[in-house]
Amino acid sequence: MFYYIIICLAWIIFHIPFRIRTVGRENLITDRGFVLCPNHLSALDPVFVVLSRFWGKPMWVMAKEELFRNPFFAWFFRNVGVFPVERGKGDKGLLNDAIASVQSGRGMLIFPEGTRSKTGELQKLKSGAFVVAEAAHADIIPCRIIYKGGKMHLFSTVTVVYGKPISIESLGLGGEHAASKLREAKALLIERYEQLLAENLRYV
């Protein structure tokens, strides 16, 4: 209940300084777990994605560990589905919990770039989102965040575009030639990002 109250309050609060537009909401998966993969431009990207999705089961959202040093913020974030990740270090227990959560029907939000792009250009993708999707046998939903004018600022327009899910079976991850298949999967996701931008240039 706490999560849904916060989502409703945040929806009202964030629609005052920002205009949030959603495209392709019909592509969101509602009947099983999934891995949602947006590009990353701003510290507020997770907020805009969650608000554009608005309803449904709470998603797992990974955030940098520094945000959890304040006890109040740590309590708040954990109660809305945000969990800390220390950069450069793996947390097998947290990863297993995340996979189990996706298997149980929840979504997981992961930024494949790992960190924000300072130029607005897509960065090299990391493997975490694909590892979780393959282990949980969950489809990947590409998501393109577009800021009017290229950067986030107060009173800017933010467009969150959801693409058609990428079937995990179609990627054929794991097994023989796993590294090659992973590179192909990353290239496909980048291709989808570029496609979503090209189809929504009117919002740039």
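Whatever comes next refers back to the structure up there.
Let me begin by describing the structure that accompanies this report.

A word on the overall build of the protein chain. Secondary structure summary: the protein chain contains 7 helices and 7 strands in total. For the protein chain, the succession of helices and strands along the chain, N to C, is α-β-β-α-β-α-β-α-β-α-β-β-α-α. Against the globule reference of 17 Å for 204 residues, the protein chain gives a C-alpha radius of gyration of 16 Å, in line with a compact fold. With respect to the three principal axes, the spread of C-alpha positions in the protein chain is 50 × 40 × 35 Å. Within the protein chain, the fraction of its 204 residues that count as buried is 45%. Considering only contacts within the protein chain whose residues lie at least 6 apart along the sequence, 72% involve residues at least 24 apart. Counting only carbon and sulfur atoms, one obtains 59% of the accessible surface of the protein chain, whose full area is about 11,000 Å². Put simply, the protein chain has 26 plus and 18 minus side-chain charges, and the middle of one group is 6 Å from the middle of the other.

Glancing now at the pattern of salt bridges. A full pass over the atoms with the stated rule returns 3 salt bridges. Taking the shortest distance from any N to any O, the salt bridge between aspartate 139 and arginine 32 comes out at 3.0 Å. A residue pair is termed long-range when its members are at least 10 positions apart, and aspartate 139 in strand β6 (residues 139-147) and arginine 32 in the loop between β1 (19-23) and β2 (34-38) qualify at 107 residues. Residue classification places arginine 32 among the partly exposed residues on the basis of a relative accessible area of 39%. The salt bridge partner of arginine 144 is glutamate 194, with a shortest N-O separation of 3.9 Å. A residue pair is termed long-range when its members are at least 10 positions apart, and arginine 144 in strand β6 and glutamate 194 in helix α7 (residues 178-198) qualify at 50 residues. Each member of the salt-bridge network shares a partner with another, and the members are Asp31, Arg32 and Asp139.

This paragraph deals with the environment of arginine 192. Among the secondary structure elements, arginine 192 is positioned in helix α7. For arginine 192, a relative accessible area of 23% translates into the label partly exposed. If sequence neighbours within four positions are ignored, arginine 192 has contacts with Pro142, Lys164, Pro165 and Ile166.

The next subject is unusual backbone geometry. Most peptide bonds are trans, and most residues other than glycine sit at a negative phi. The residue histidine 137 is not glycine, and still its phi comes out positive at about 55°. Note on placement: histidine 137 falls in the loop between α5 (128-136) and β6. For histidine 137, a relative accessible area of 54% gives the class exposed. Positive phi values are uncommon outside glycine, yet phenylalanine 155 reaches one of about 70°. Turning to its location among the elements, phenylalanine 155 is positioned in the loop between β6 and β7 (157-162).

Moving on, we come to a nonpolar patch on the surface. Together, Met1, Ile5, Leu9, Trp11, Ile12 and Ile13 make up an exposed nonpolar region whose accessible area comes to about 650 Å². The topology assignment puts isoleucine 12 in helix α1 (residues 2-14). The class for isoleucine 12 is exposed, based on a relative accessible area of 51%.

Quick look at the nonpolar core now. Leu36, Val49 and Tyr162 are the most contacted members of the largest nonpolar core, which has 31 residues in total. Those elements that provide at least two residues to this core are α1, β2, α2 (45-53), β3 (60-64), α3 (71-79), β6 and β7. In this view, valine 49 contacts Leu36, Pro38, Leu109, Cys143, Ile145, Val160 and Tyr162; residues no more than four positions away in its chain are not counted. By size, the runner-up hydrophobic cluster in this structure holds 25 residues, among which are Leu125, Ala129, Val132 and Ala136.

Cut-offs applied
Residues numbered from 1 in each chain as written. Predicted model: local features only at pLDDT ≥ 70, side-chain atom pairs only at ≥ 80, totals over all residues. Heavy atoms only, no water. Helix = DSSP H or I, 4+ residues; strand = E, 2+ residues; numbered from the N terminus. Rg over C-alpha atoms; globule rule 2.2 N^0.38 Å. Buried < 20%, exposed > 50% of the residue type's maximum accessible area, 1.4 Å probe, protein only. Contact = heavy atoms within 4.5 Å. Areas by Shrake-Rupley, 256 points an atom, 1.4 Å probe, with all protein chains shown as cover. Lys, Arg positive; Asp, Glu negative; His and termini not counted. Charge placed at Lys NZ, Arg CZ, Asp CG, Glu CD. Salt bridge = Lys/Arg side-chain N within 4 Å of Asp/Glu carboxyl O. Patch = residues over 30% accessible without salt bridge, like charges linked within 9 Å, V, L, I, M, F, W, Y side chains within 5 Å. Core = buried A, V, L, I, M, F, W, Y, C linked by side-chain atoms within 4.5 Å.

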